[in-house]
Amino acid sequence: MRIIEAKNYEDMSKKAAEIIAAKVVLHPNCLLGLATGSTPVGTYQNLVKKYNDGELDFSKVRSVNLDEYKGLSGEHEQSYRYFMNTNFFDHINIDKSNTFVPNGLTEDSLEGCKQYNELLHSMGAVDLQLLGIGGNGHIGFNEPSHEFKKEVHCVQLAESTVEANARFFASKEDVPKYAYTMGIGNIMSAKTILLLASGKEKANAIYESFFGPITPKVQGSILQLHTNVIVIADEDALSIAKEKGVF
């Protein structure tokens, strides 16, 4: 595991974009695992700039997303398909038929999970999986639990996650309470994992995930067992680890 300290959010985003850009340059047909939320927005903006500057070609790149809210269509402005299109895909030359996000409108949850899981297996190992981390240590939408879920599943979102995501909706009541997400086994099968964290609200999650015991109560802690994890965290996100003298 490599932990890279960034000065701030902007520095974190630039460093992350450099790593992803290098993967695309070296492996033009790579399979990227992508994340949503506020954390990766700056990274996507930096990648779009590199594309506009003629540095990157995404025409052969394929992608799979971590998760999607249950009950939202891809046209809903808070869906993760919409997020990916408006923040990234619409601005580069990727073939959208090669970009995959769980179908939030699948009525049968078990069937929806099975379909996305089969898709993931058919595409082979993700070359680079981008992750954020929740304040409670969740990765994807794998919330604190008594176990690590292996494959794609439908999860009830923790109250803290609903509250954190309420800023994107008209009200907290509008936030979906369930989501489809890759399981821990899906995430851990990636060849490289790149996790980003910014802000003091992520400091405890970073400390517990990478300097605490491996436990499903902190789902991100499982990443300690992966052979190729890169963490880019800013000074605020590393503040507790520094206070405790472990970084």
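This text goes with the structure placed above it.
These figures come from a predicted structure and were not determined experimentally.

About the cut-offs
- Residues numbered from 1 in each chain as written.
- Predicted model: local features only at pLDDT ≥ 70, side-chain atom pairs only at ≥ 80, totals over all residues.
- Heavy atoms only, no water.
- Helix = DSSP H or I, 4+ residues; strand = E, 2+ residues; numbered from the N terminus.
- Rg over C-alpha atoms; globule rule 2.2 N^0.38 Å.
- Buried < 20%, exposed > 50% of the residue type's maximum accessible area, 1.4 Å probe, protein only.
- Contact = heavy atoms within 4.5 Å.
- Areas by Shrake-Rupley, 256 points an atom, 1.4 Å probe, with all protein chains shown as cover.
- Lys, Arg positive; Asp, Glu negative; His and termini not counted.
- Charge placed at Lys NZ, Arg CZ, Asp CG, Glu CD.
- Pairing = 2+ DSSP bridges.
- Axes fitted to C-alpha atoms, helices over the stretch in contact; angles between N-to-C directions.

Asks: Teacher, can you tell me more about the overall build of the protein here?
Replies: Regarding its fold elements, the protein presents eight helices and ten strands. A compact globule built from 247 residues should have a C-alpha radius of gyration of about 18 Å, and the protein, at 17 Å, falls within 12% of that. Along the longest, intermediate and shortest principal axes, the C-alpha atoms of the protein span 45 × 40 × 35 Å. Burial status across the protein gives 54% buried among its 247 residues. When contacts within the protein are restricted to residue pairs at least 6 apart in sequence, long-range pairs at least 24 apart make up 78% of them. Of the roughly 11100 Å² of accessible surface on the protein, a fraction of 49% belongs to carbon and sulfur atoms. Treating the 24 positive side-chain charges of the protein as one cloud and the 31 negative ones as another, the clouds have centres 5 Å apart.

Asks: Help me understand the pairing of strand S7 (residues 153–156), please; the structure alone is not making it clear to me.
Replies: Look at any regular strand and the pattern is simple: side chains alternate between the two faces of the sheet. Residues His-153 and Val-155 line the buried face of S7, whereas the alternating positions Cys-154 and Gln-156 sit on a face that is not buried. In terms of strand pairing, S7 meets strand S8 (residues 178–181) through four bridges, oriented antiparallel. Residue pairing in the sheet places His-153 in a bridge with Thr-181 of S8.

Asks: Help me understand the sheet that holds strand S4 (residues 67–69) in this model?
Replies: Adjacent strands of a sheet form backbone hydrogen bonds with each other and so pair up, either parallel or antiparallel. Taken together, the three strands give an open sheet; going across it, the order is S4-S8-S7, and neighbouring strands pair in antiparallel fashion. Among the strands making up the open sheet, the edge pair consists of S4 and S7. Taken pair by pair, the neighbouring strands of this sheet meet at an average axis angle of 25 degrees, ignoring direction. Two strands pair when backbone bridges link them, and S4 and S8 are joined in this way by three bridges, in the antiparallel orientation. Note on S8: the bridge partner recorded for Tyr-69 is Ala-179.

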